[in-house]
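Working through the structure, step by step
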Amino acid sequence: MTPRFDSGPTRTVLLDVDGTLCDNMSRVIDYLASEYGVDLSPELITDWTFSVPDTEHHIGEIIQEVTAERPEWFLLGTEPIDGARDAAEWFIDHGHTVAIATHRPPETHALTRQWLAEHDIPYDRFIEDVPENKGHIQGDLLIDDYHVNVANAIEAGKNAGLFVQPYSDRTACSSAICAADWATMLSKLGHNARSADD
């Protein structure tokens, strides 16, 4: 049964950033075009080991490269995913604690907090040291675009939502709540749900 977050006890909601709150892949695509002359569509990137044509790199290495070489351009230049601010606000308005849980390098956390502030995305807590296994973080619900993180959360006994991207593998976390947009994700968690008394 899908958990409801529009009522019930106060819980901690863990939100990932890249691919969940922000569209980082469009910025990666821009970087590939300007630095490597490679024209890609985000829909082609169906795995983190996707080999970038005409380079010796996979997409994960490119993300590490742009994060290290052009962090402000990359991390402050991403656009929020539609509904991200409203989603974080909805959880907070329903009494839940929102914690940011990103695998971005710790040295970029100040930029991430700046981006969250610039886009008015509310949160209660920013987790500085996120373990490789996000299932080890204290919390009740993880929403993330990476199926391994979601599967780890489920294995640890948490509720989990997979924010579906082309590289997300739903079969790796079949009991997750899956949605490709915030409106659908929140609807599955009780947003706009009518109570039995209505």
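Whatever comes next refers back to the structure up there.
This write-up is about the structure you can find in this document. (Residues numbered from 1 in each chain as written. Predicted model: local features only at pLDDT ≥ 70, side-chain atom pairs only at ≥ 80, totals over all residues. Heavy atoms only, no water.)

1. Description of the packing of helix H1 (residues 24–36) against helix H2 (residues 59–69)
In contact at an axis separation of 10 Å, H1 and H2 are set at 85 degrees when each is read in the N-to-C sense. It follows from the interaxial angle that H1 and H2 lie roughly perpendicular. On the side of H1, the interface is formed by Met25, Val28, Tyr31, Leu32 and Tyr36, while H2 contributes Ile59, Ile62, Ile63, Glu65, Val66 and Glu69. Along the lines of polarity and charge, the residues of the contact of H1 with H2 split into nine nonpolar, no polar and two charged. (Axes fitted to C-alpha atoms, helices over the stretch in contact; angles between N-to-C directions. Helix = DSSP H or I, 4+ residues; strand = E, 2+ residues; numbered from the N terminus. Parallel < 35°, antiparallel > 145°, perpendicular 65-115°, else oblique. Contact = heavy atoms within 4.5 Å. Nonpolar A, V, L, I, M, F, W, Y, C, P; charged D, E, K, R; others polar.)

2. Observations regarding unusual backbone geometry
Notably, Asp54 is not glycine yet its phi reads approximately 65 degrees, a positive angle. Examined against the element boundaries, Asp54 turns out to sit in the loop between H1 and H2. Even without a glycine there, the phi angle at Asp120 is positive, about 55 degrees. Position of Asp120 among the secondary structure elements: in the loop between helix H5 (109–118) and strand E5 (125–126).

3. Overview of the side chain of Asn152
As for its placement among the helices and strands, Asn152 is situated in helix H6 (residues 147–155). On the accessibility criterion, Asn152 (19% relative accessible area) is buried. Residue contacts for Asn152: discarding those within four places in its chain leaves Asn133 and Gly135. (Buried < 20%, exposed > 50% of the residue type's maximum accessible area, 1.4 Å probe, protein only.)

4. Some words on the state of the cysteines
Scanning all chains against the criterion turns up zero disulfides. Cys22 forms no disulfide, and the closest cysteine sulfur to it belongs to Cys173, at a distance of 20 Å. Relative accessible area serves as the criterion here: at 0%, Cys22 is assigned to the buried category. In this structure Cys178 is not part of a disulfide, and its nearest cysteine sulfur, from Cys173, lies 5.5 Å away. Looking at Cys178, the relative accessible area reads 13%, which means it is buried. (Disulfide = S-S within 2.5 Å.)

5. Comments concerning the sheet that holds strand E4 (residues 97–100)
Within the open sheet, the six strands sit side by side as E5-E4-E1-E6-E7-E8. Their pairing is parallel. Bordering the open sheet on either side are E5 and strand E8 (177–179), each of which pairs with just one other strand. Bridge analysis of E4 against E5 gives two bridges, and the strand direction is parallel. Looking across to E5, one finds that Ala99 is bridged to Arg125. In the packing of helix H4 (residues 84–93) onto the sheet, the strands contacted are strand E1 (12–15), E4 and strand E6 (141–144), and the crossing angle to E4 comes to about 140 degrees. Packed onto the sheet, H6 meets E6 and strand E7 (159–163) and runs at close to 170 degrees relative to E7. (Pairing = 2+ DSSP bridges.)

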